[in-house]
Amino acid sequence: MDILLIAGLWLDGSAWDDVVPTLEKLGHRPLALTLPGQGDGAESATLEDQVAAVLAAVDAAPEKPMVVGHSAACTLAWLAADARPDRIAKVVLVGGFPSADGASYADLFETKDGVMPFPGWGPFEGPDTDDLDEETRHRMASAAIPVPEGVAKGKVRLRDERRFDVPMLLVCPEYTPAQARQWIDAGDVPEAARTKHLDYADIDSGHWPMTTKPAELARLLATATADA
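First, a word on what this report is: a plain description of the structure on this page. (Residues numbered from 1 in each chain as written. Predicted model: local features only at pLDDT ≥ 70, side-chain atom pairs only at ≥ 80, totals over all residues. Heavy atoms only, no water.)

## Some details on the packing of aromatic side chains
Given two aromatic rings, their pairing is described by the distance between the two centres and the angle made by the two planes. Defined as follows: Note on aromatic contacts: the rings of Phe and Tyr and the six-membered ring of Trp form a pair at centre separations within 6.5 Å, being stacked when their planes are under 30 degrees apart, edge-to-face when over 60 apart, and tilted otherwise. Only runs of H or I of at least four residues qualify as helices and only runs of E of at least two qualify as strands under DSSP, and these elements are numbered from the N terminus. Burial classes: relative accessible area under 20% of the type maximum marks a residue as buried, over 50% as exposed, and values in between as partly exposed (1.4 Å probe, protein chains only). A ring is scored as having a charge over it whenever the NZ atom of a lysine or the CZ atom of an arginine sits within 6 Å of its centre and within 35 degrees of its normal.
Tallied over the full model, the rule gives 13 aromatic pairs. Taking 5.3 Å as the distance between ring centres and 75 degrees as the angle between the ring planes, the aromatic pair formed by Trp10 and Phe118 counts as edge-to-face. Residue Trp10 is found in the loop between strand E1 (2–6) and helix H1 (20–25), and its partner Phe118 is found in the loop between strand E5 (115–116) and helix H4 (134–143); the two are separated by 108 residues along the sequence. For Trp10, a relative accessible area of 7% corresponds to the buried category. Members of the aromatic cluster, joined through ring pairs, are Trp10, Phe109, Phe118, Trp121, Phe124 and Trp208. Taking the ring centre of Tyr200 as reference, the NZ or CZ of Arg181 above it sits at 4.3 Å.

This is the structure in structure tokens:
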């Protein structure tokens, strides 16, 4: 299956470098996306530009792809499902949930000079980063790409309720499927609550399993294609 891989904030397509080979060995066609403003030098990129890049990859796939979003990019994957509900086989959300219509995409940290820099590891201490050693933290922080303000502060616009027909898999790294169900049942994730085909998968990692558990994540994604 064609599998589109979208990394979260401050990351480019290379975030999936250790996941791609295993997916290929398992017979799939992974494509790791480098988003506008996150690796191509376009600091003026907007959320709409990133959505357009994802949709271009969806449209170029010879068959219905599975779209994988990580962290904030879970919303990007869901925006793609909203725009192409008939062209996407499944949405897999790793370590995150889709934002609702009208929400800010990722207005989470201070912006400076038109970008939102990586804020350091302080805000992520705990389960998010418990599996990252110092060398990995240094490497990731050094490679972090400031996110354009037009992306971080972009408004999420969802229009087609056929998105709820697209199967969704929630991959739970630093939290458990039971916790995810609790948040959804409490009304904290309305988009997931309305999805007609919702499944959960657990992975024992922090927030960046593509870095700390790449082979396990790849096998999980490959398994997810079976009923897509």
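From this point, the narrative continues.
## Side note on the pattern of salt bridges
The condition is simple: By definition, a salt bridge exists where a carboxyl oxygen of Asp or Glu is found within 4 Å of a side-chain nitrogen of Lys or Arg.
In this structure the tally under the stated criterion is 12 salt bridges. The closest approach of N and O atoms between Arg163 and Glu191, which form a salt bridge, is 2.7 Å. Residue Arg163 is located in the loop between helix H5 (149–152) and strand E7 (168–172), and its partner Glu191 is located in helix H7 (residues 190–193); the two are separated by 28 residues in the primary sequence. Exposure class is identical for Arg163 and Glu191. Each is buried. In this structure, Lys213 and Glu216 form a salt bridge, with 3.8 Å as the shortest nitrogen-oxygen distance. Residue Lys213 is classed as partly exposed on the basis of its relative accessible area of 27%. One salt-bridge network, held together by shared partners, links Asp82, Arg163 and Glu191.

## Here's the deal with helix H6 (residues 177–185)
The condition that has to hold: The directions considered for the arc are those from the helix axis to the C-beta atoms. Note on contacts: a residue pair qualifies if any of its non-hydrogen atoms lie within 4.5 Å across the two residues.
Within the span of H6, buried status applies to Pro177, Ala180 and Ile184. Considered in projection along H6, the buried side chains sweep an arc of 60 degrees and stay on one side of the axis. Exposed residues pointing more than 90 degrees away from the buried face of H6 are listed as Gln182 and Asp185. Structurally, H6 contributes buried residues whose contacts are with E7, H7 and strand E8 (198–202).

## Side note on the sheet that holds E8
Note the cut-off: Strand pairing is assigned whenever DSSP identifies at least 2 bridges connecting the two strands. All axes are obtained by fitting lines to C-alpha atoms, using only the stretch in contact for helices, and the reported angles, taken between N-to-C directions, cover 0 to 180 degrees.
Reading across the sheet, the six strands line up as E2-E1-E3-E4-E7-E8 and stay open at both edges, with parallel pairing between neighbours. Two strands in the sheet have a free side with no partner beyond their single neighbour: strand E2 (29–33) and E8. Averaged over all adjacent pairs, the angle separating strand axes in this sheet is 20 degrees, with direction ignored. Examined bridge by bridge, strand E4 (residues 90–94) and E7 share four bridges and lie parallel to one another. Within the sheet, the bridge partner assigned to Val94 lies in E7 and is Val171. Sitting on the sheet, helix H2 (residues 47–60) is in contact with E1, E2 and strand E3 (66–70), with an inclination near 170 degrees to E1. Contacts from helix H9 (residues 214–224) reach E1, E3, E4, E7 and E8, with the element oriented near 155 degrees to E4.

## Digging into unusual backbone geometry
Residue Trp10 is not a glycine yet carries a positive backbone phi of 70 degrees. Of note in the backbone geometry, Ser71 takes a positive phi value of approximately 55 degrees without being a glycine. Within the element layout of this structure, Ser71 appears in the loop between E3 and helix H3 (73–83).

These figures come from the coordinates and say nothing about function on their own.
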